[in-house]
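# Residue-level structural notes
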Amino acid sequence: MTTLAHEAHHAGHDGHHAPAGWRRWVFATNHKDIGTLYLWFSFAMFLTGGLMALGIRAELFKPGLQFWQPEFFNQLTTLHGVIMVFGAIMPAFTGLANWQLPLMLGAPDMAFARMNNWSFWLLPPAALLLLISFFVPGGAAAGGWTLYPPLSVKAGMGMDLAIFAIHLLGLSSIMGSINIVTTILNMRAPGMTLLKMPMFAWTTLITAYLLIAVAPVLAGAVTMLLTDRHFGTHFFSAAGGGDPVLFQHIFWFFGHPEVYIMALPAFGVVSQIIPTFSRKPLFGYVSMVYATCSIAVLSFMVWAHHMFMVGLPLDAQLIFMFITMLISVPTGVKVFNWVATMWQGSLTFETPMLFAIGFVCLFTVGGFSGLVLSIAPIDTQMHDGYYVVAHFHYVLVAGALFSLFGATYYWLPKWTGYMYHEGRGKFHFWWSMIFFNVTFFPMHFLGLAGMPRRIPDYALQFTDFNMIASIGAFCFGFGQLLFLYNVIHTIKGGVGKAPANPWEGAHTLEWEVPSPAPHHTWETPPDEALVRKGLRAQYLEGHDD
Amino acid sequence: MNVENGIHDAHYFVPHPSRWPIVGSIGLFSLAMGAAFSMNGFVAGQWGLLFGALVIIWMLFGWFGDVVRESVAGSYGQQVDHSFRWGMSWFIFSEVMFFAAFFGALFYTRVLSVPEIGGTGFTNRLLWEGFSAHWPFATGPETTAYHTMEADGIPAINTMILLTSGATLTLAHWGLVAGNRTKLTLGLLATVLLGTLFLCFQAYEYHHAWTEMALTLNSGAYGATFYMLTGFHGMHVLVGTIMLTVMLVRVLRGHFSAEHHFGFEAAAWYWHFVDVVWLLLFVFVYVL
Amino acid sequence: MLKICTGNVHVSRGLLALMLFGAPGLGMADTRMTFQPPVTEIASRVSDLHSFLMGIIIVIFVAVFGMMFWAIFRHRKNLGHQAKPFHESTTVEIIWTIIPALILIAMAWPAAKLVISQRNSAQPDITIKVTGYQWYWGYDYLDQSFGFKSKLLTPQDQIQNYGPNAPAKDAHYLLEVDEPLVVPVDKKVRLLVTSNDVIHSWGMPAFAVKQDAIPGFIRDTWFKANKIGIYRGQCVELCGRSHGFMPTVVKVVSQKDFDTWVAAKQLAAKATLFEPGKPITKEALIEAGAKVYANNCAACHQPDGKGAGPFPALAGSKIATGPKAGHIHIVLNGKNAMPSWKAALSDAELAAVITYERNSFGNHTGDFVMPDEVKAAR
Ligand code: HEA
Ligand code: HEA
Ligand code: CUA
Ligand SMILES: [Cu+2]
């Protein structure tokens, strides 16, 4: 308990360390400030990318060209994908890691506090490059977020801006991930061995590892794109011995791990929330860790399932199909363990729990459609169509995004010191749950019926489901303004002060510090007894060797 | 690892708010805008490049200056030292993956695309009739003739240089650990000189290739992979040499102690990594 | 209003199918929400495999979430349920690792067999080279030595329907071409797919065929349609602005009709752009060029030559009013987003379109380009 006393003593002196005003944010080295920056940035990007999605859905409301010319539609699609993936989802998880890791591990801050600042402050320039690209001659990149050459080689200046933005984003990801890995490996409190860390720390660790491994590969790929565009190389052109498909191999070697980079931290969040509101320890902790690791390993060996239609050799097609299917096993282990955690629990359904349950159900739907896609002959019918769009929005929106909503409601009391309004939180959940499905479920049918993706206009038989999807998208989108309201309302005082631990079933270390978490926490490591107390509750005696 | 060892600095060093990161971001943003504009025919973009580069240099001096000051002031405890070790290792891992992308491109073109374009299948018969592939001479139907780099000559010499520099650097490290300043200084100096020599040879090789062998970035898959791989490697040698030069200056100022010298070690790790990449390059780009 | 009503029907259908995620496979034969009726053996097998998978998936889904909802309804705190703090069991972990793995094997086995037949393009009865262009398909019947381009027929004013009095859309809106690919029924047709510019993808849902067209490479696929009829698909790889306006249409006919059609085509292939024997005049070039322009260039440079967005105006353009050589060069070789027309157009067509551009839209160079000049510039 010495630490807490120390904490209290320090509380009044925070002003020394934190400069006020804009300097506090721009020069920040405090993990909580930087985490806050990440989270707000990502939310702003979510609204921006969402606005583009609404642009897409508006145009697709009925056949014919209504609002945009096709080039601009393609720009919207491309930037929607890039901004959501690199601007909204990934930074949000880094933000969570920033806020939570030091708190949960009992560390004073991230391992490299100054570099942490840079990891964040590379994001706004990257976003700026992407937004500016709408206004340069030729407009923004329009080749899809996958940037396939030769289309992207022939494109205008917007593509260069996108390439440089990706360089910056990659740099940010690599530095952010090195920071996370080092923090986890080197900054845990005494007594917290690797196999006793909270599950969120584990998934974040593996995610960061994946990012360090693949972000540089993406940087290499877009660099080759750049030299093909401007310096005469022929990496992706047969005229000089290259091959457009080479880019796809490199891109997806990054791209598939990338989708798990957006999924694993979500698994971690859900693995914190479900035990808390089940008032039970996480079932099968160790096998969850193994499952996470096997997903990471397998994710390097499945990339060509995005390329079943490029004319891979038969044996390659078979092998990639088999290994892709195999990923269902460790993912299934996770789903089963979550269900087993809830089984025989003492369940309550606060907003975080609702989002976590929504996550498990809908992510599984998305996982199953992924499994269908992984069957190469069936993918013949689905590839580059709306079934794929449905698949990845189930895993990304109902997966990654829902887990982020859950995480926000879960930790908001710790961050702000106030409780959010439970009723409005629940309303936000049900609204999102319903309209998410209204938006994206019909896309399965569109895909089965053969509607290609990335088209601004479509044949008449696709009209009905597109209309439903568009209506759903607008409702879903505007519902997110309610989330914004909920957050601001909580920051402004919410429904009252939050205790240090507002959740009956939560035992990890962050709940030991006051709410809101003081500017500096765990300046000296928490003592071992405290760590053990939390761990015991988390994993029970059996695990406490 | 340390957790098991029980290493915990009483107060883990957390730096004060710093302006360098945002300065760096402004520099990179300016570089990116400058590059995008100048590559698309807007000459003004070059000012952006220049400004960005200057800002980055300023940032590097400022940032590393802070780090050196903190280190000399003894702010970094043992746990911080461990962090640096992990950090540097993972950074090098990311560099490995960066090179892996280009090696992947090399293998792919050599093993798959070039043979297919110049082979006997439909691709050749219907689209590229009359073209037959020979790595490294004719790598694509529309590449103009060029000469290729032989492994003996400069590349072989450069291999020797880098291998030797690895040894001299290790000598310097031994000197540092043993408290032998002369050995340290001379070893480090030799390494820096060898690195510089390597770069000079490479500059000469490039010049020769470009002007007299008609080997350019445009020379098909061979030219592209050759320049990108050796070029990025060369840039890393340059960075490594600069890092080692900084270390030399710090040694001369008496910065490192036998126990506490991670800055030196980081530079050394980096240098060895660059060495290993070169060996792979030498085998796969020049010899095979 | 009518639209909304049909929409409602489909909402309820959709909700029904939502409950039965597998409905499409289970024979709810509405082509708006499931596969087009298969007309090749492969396509039927794909459809069956899909139903099989959906069956398994629904069972797993119901089992897993049945458990979960049981817990949600029974093990609630407000029912006074006490948490039972068990938290690991190696046995169940092993069980729920092995069982899914076995299920996967059951799925992988038929899937592998299907992949193997799907990829076996050997011994075709007829071979056709398919080339993707921005934004239409070219078909070359290699054995019969003729070829043609297959372009979208839907008129622009049906597409650009901003106004309230836009014309009604045809039944096959966006899925109609001037000249479909014609093939005989019950014959193994092998497609050698490639592209002239960017990656396209030749897709035909009713055949379960989809093959990316990679510029510089030939990739092959095949189908054997077992029913006479017209089948429709679309380009399924983003290929630039008119990616959505690039249909693939296949007309499957009897062998007899096919032979007649081939004969007619071969005859037509002998005819040329200009009447043989007569000297080629500037007027003839301009007249022919106007057609070539409308078919190939107007999509970007606009029918009035004024350009749009990133596509420069040809009216008054430095290149189109400058020296001939520069004009020929850019059209032949392309530049950035401007495609190369080397492979797509003949010398005569290129000469015609360049002459047309130099003497239309207010351009008055007065000169003209002969096919030989284009040939020399190639
Ligand atoms: C968070 C992101 C995420 C996640 C987690 C996944 C997960 C999976 N994805 Fe997905 N995917 C994307 C994001 C993601 N995907 C994106 C963005 C694209 C499109 C990219 C683009 O082209 O733009 C894509 C595209 C994509 C394709 C290419 C489609 C195409 O373009 O033609 C394929 C094909 O195999 C695929 C497969 C899978 C599989 C097998 C999984 C598996 O991991 C799913 C595993 C989960 C389950 C199966 C459910 C739970 C399991 C159980 C309850 C156990 C019992 C189950 C069985 C025994 C079956 N995905
Ligand atoms: C990573 C996460 C992610 C997320 C969260 C989303 C969210 C959404 N996505 Fe998308 N999407 C992708 C990733 C994501 N997407 C990717 C990778 C692609 C592929 C791109 C490609 O093909 O290259 C894609 C493609 C894609 C398509 C296919 C486009 C095409 O093929 O042409 C569609 C079509 O409906 C779509 C829709 C939506 C919708 C309706 C949402 C909704 O969930 C969004 C809801 C949010 C809002 C609507 C914001 C609310 C904002 C306001 C109400 C305005 C206030 C604004 C301000 C104050 C500024 N997305
Ligand atoms: Cu052609 Cu899309
Ligand atoms: Cu994938």
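Quick summary incoming for the structure in this document. Note that the structure is a prediction, hence the values are computed from the model and not measured. Along each chain, residues carry numbers from 1 onward, in the same order as the chain's sequence is written. Written order decides the labels, with chains lettered from A and ligands numbered from 1. For a predicted model such as this one, the threshold for reporting local features is a pLDDT of at least 70, and the threshold for listing and counting side-chain atom pairs is 80 or more; totals across whole chains, interfaces and linings nevertheless cover every residue. With hydrogens and water excluded, all non-hydrogen atoms of the structure serve as input to the side-chain values.

## A few points about the interface of chain A and chain B
Throughout, a contact is declared for two residues whenever any of their heavy atoms are within 4.5 Å. Across the contact, 75 residues belong to chain A and 68 residues belong to chain B. Two parts placed together each lose some accessible area; with a 1.4 Å probe, that loss summed over both constitutes the buried area. Together, the buried faces of chain A and chain B total about 5,700 Å²; carbon and sulfur atoms form 74% of this surface. Among the residues chain A hides against chain B, the three largest losses belong to A:Arg114, A:Trp118 and A:Asn186. Together they make up 14% of the total. Definition used for salt bridges: Asp or Glu carboxyl oxygen within 4 Å of a side-chain nitrogen of Lys or Arg. B:Glu70 is the partner of A:Arg114 in a salt bridge, and the nearest nitrogen-oxygen pair spans 2.9 Å. Any pair of nitrogen or oxygen atoms within 3.5 Å is treated as a polar contact; in protein, a donor-acceptor pairing is required on top of that, and neighbouring residues in sequence qualify only through side-chain atoms on both sides. Our enumeration of links across chain A and chain B arrives at 16 residue pairs in polar contact (both at pLDDT 80 or more). Counting from the N terminus, the helices are the DSSP runs of H or I reaching at least four residues and the strands are the DSSP runs of E reaching at least two. Listing elements by their share of the side of chain A that touches chain B, those giving two or more residues are α6 (113–121), α7 (123–132), α9 (157–186), α10 (199–230) and α11 (244–278) of chain A.

## Considerations on the site of ligand 1
Note on terminology: near, applied to a residue and a molecule or strand, indicates that one of the residue's heavy atoms is within 4 Å of it. Near ligand 1 there are 32 residues, and of these A:Tyr260, A:Asp379, A:His383, A:His391 and A:Arg453 occur at the shortest range. Of the chains in the model, those with residues near ligand 1 are chains A and C. Within the side chain of A:Trp145, one N or O atom sits 2.8 Å away from an oxygen atom of ligand 1. The side chain of A:Asp379 places a nitrogen or oxygen atom 2.6 Å from an oxygen atom of ligand 1. Taken together, the elements giving at least two residues each to the shell around ligand 1 come down to α11, α14 (328–342), α15 (351–374) and α17 (386–416) of chain A. No other element matches the eight residues that α15(A) contributes to the shell around ligand 1. Only Asp, Glu, Lys and Arg are considered charged, only Ala, Val, Leu, Ile, Met, Phe, Trp, Tyr, Cys and Pro nonpolar, and every remaining residue, Gly among them, polar. Considering only residue class, the shell around ligand 1 consists of 18 nonpolar, 12 polar and two charged.

## Some points on the site of ligand 2
Residues and elements named next belong to chain A. Inspection of the region around ligand 2 gives 32 residues, with Arg57, His80, Trp145, His393 and Arg454 positioned closest. Side-chain polar atom of Arg57 to an oxygen atom of ligand 2: 2.8 Å apart, as the coordinates give it. Thr77 has a polar side-chain atom sitting 3.0 Å from an oxygen atom of ligand 2. No other element matches the eight residues that helix α4 (residues 31–59) contributes to the shell around ligand 2. Looking at the shell around ligand 2 residue by residue, the class counts come to 22 nonpolar, seven polar and three charged.

## Topic: the coordination of the copper ion (ligand 4)
Residue and element names in this part refer to chain A. The coordination sphere of the copper ion (ligand 4) contains the protein donors His256 (ND1), His305 (NE2) and His306 (NE2), at a distance range of 1.9 to 2.1 Å. Coordinating N, O and S atoms are those within 2.8 Å of the metal (3.2 Å for Na, K and Ca), and as water is not part of the atoms, a site may appear to have fewer donors than expected. In primary-sequence terms, the residues that donate to the copper ion (ligand 4) follow H-x48-H-H. Here the copper ion (ligand 4) and the iron atom of ligand 1 are spaced 4.5 Å apart. When accessible area is computed with a 1.4 Å probe and restricted to protein chains, residues below 20% of their type maximum are described as buried, those above 50% as exposed, and intermediate ones as partly exposed. His305 gets classed as buried once you look at its relative accessible area, which sits at 13%. Given the relative accessible area of 21%, His306 is considered partly exposed.

## Brief notes about the sheet that holds strand β4 (residues 181–184) of chain C
Residues and elements named next belong to chain C. On the basis of which strands lie adjacent, the open sheet formed by three strands has the order β4-β10-β9 and mixed pairing. In this open sheet, the two strands that pair with only one neighbour each are β4 and β9 (229–234). Here the strands of the sheet are splayed against their neighbours by 25° on average, with no regard to which way each runs. Whether two strands pair depends on DSSP finding at least two bridges between them. Relative to strand β10 (residues 247–253), β9 is paired through six bridges, and the arrangement is antiparallel. Across the sheet, residue Tyr231 finds its bridge partner in β10, namely Val250. Helix axes are fitted to C-alpha atoms over the stretch in contact, other axes to C-alpha atoms as well, and angles between N-to-C directions run from 0 to 180 degrees.

Don't take any of this as a statement about function, it's just geometry.
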